[in-house]
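What follows is the residue order along each chain.
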Amino acid sequence: MTNQEAWKLYEKYLSAWNTASIEERLKIANEVLSENIEYHTARHDLTTGRSLVIEDMATFHERFPGGHFEIGDVSSHHNVALLTWVIIQADGKEFARGGDQITVGSNGQISKITTFAPSAKNPNQFPRV
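Residues numbered from 1 in each chain as written. Predicted model: local features only at pLDDT ≥ 70, side-chain atom pairs only at ≥ 80, totals over all residues. Heavy atoms only, no water.

Draft legend 1. The arrangement of the pairing of strand β5 (residues 94-104) in detail. Of the strand pairs in this sheet, strand β4 (residues 80-88) and β5 are connected by nine bridges, and their pairing is antiparallel. Looking at β5, one finds that T84 is bridged to G99. Between β4 and the antiparallel strand that follows it, β5, lie five residues; G92 among them carries a positive phi value of about 90 degrees. Of the strand pairs in this sheet, β5 and strand β6 (residues 110-116) are connected by six bridges, and their pairing is antiparallel. The partner of G99 across the bridge, within β6, is F116. Between the end of β5 and the start of β6, which pair antiparallel, lie five residues, with G108 showing a positive phi angle near 85 degrees. (Pairing = 2+ DSSP bridges. Helix = DSSP H or I, 4+ residues; strand = E, 2+ residues; numbered from the N terminus.)

See below:
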C-alpha cells in the first residue's frame, strides 16, 4: 500500500466520522471496514466488529456537534499505515491531534485500527478527547 492509497482509504473512513447522516455513515463503514474489524482505542480494550466503531462515530457527533476530522499526515508500508487525525471544532479551531494505525486486509478493507489519544509534548500532560 502506498501513502496515497492509505490516505485515500483513510479519507473515506473519516468521511464516515464526518457525516451527520446515520445512513451514509453505515454505508461508508460497510464499504471500508471489515465486518470483524479489530478495534482498539484508549477508551476500549481490543474488540471485534464494526458496530463499536459506528457507535464511537455517533458519540463523536454528540461531543463535537458540527466538528469534523482532517488528516494530518501519513506513513505506510506493506499493508499497514500510520495516520494523524485532527479534530476541528465547529468554529474551525483545532481541538486535538492523535493517530491511528490501520491494517488493510487483502479485500482492501480496514481490518484493524489502533487509535492513539492526542499526543503530549510533556509526558506529564495527557490531553483527553
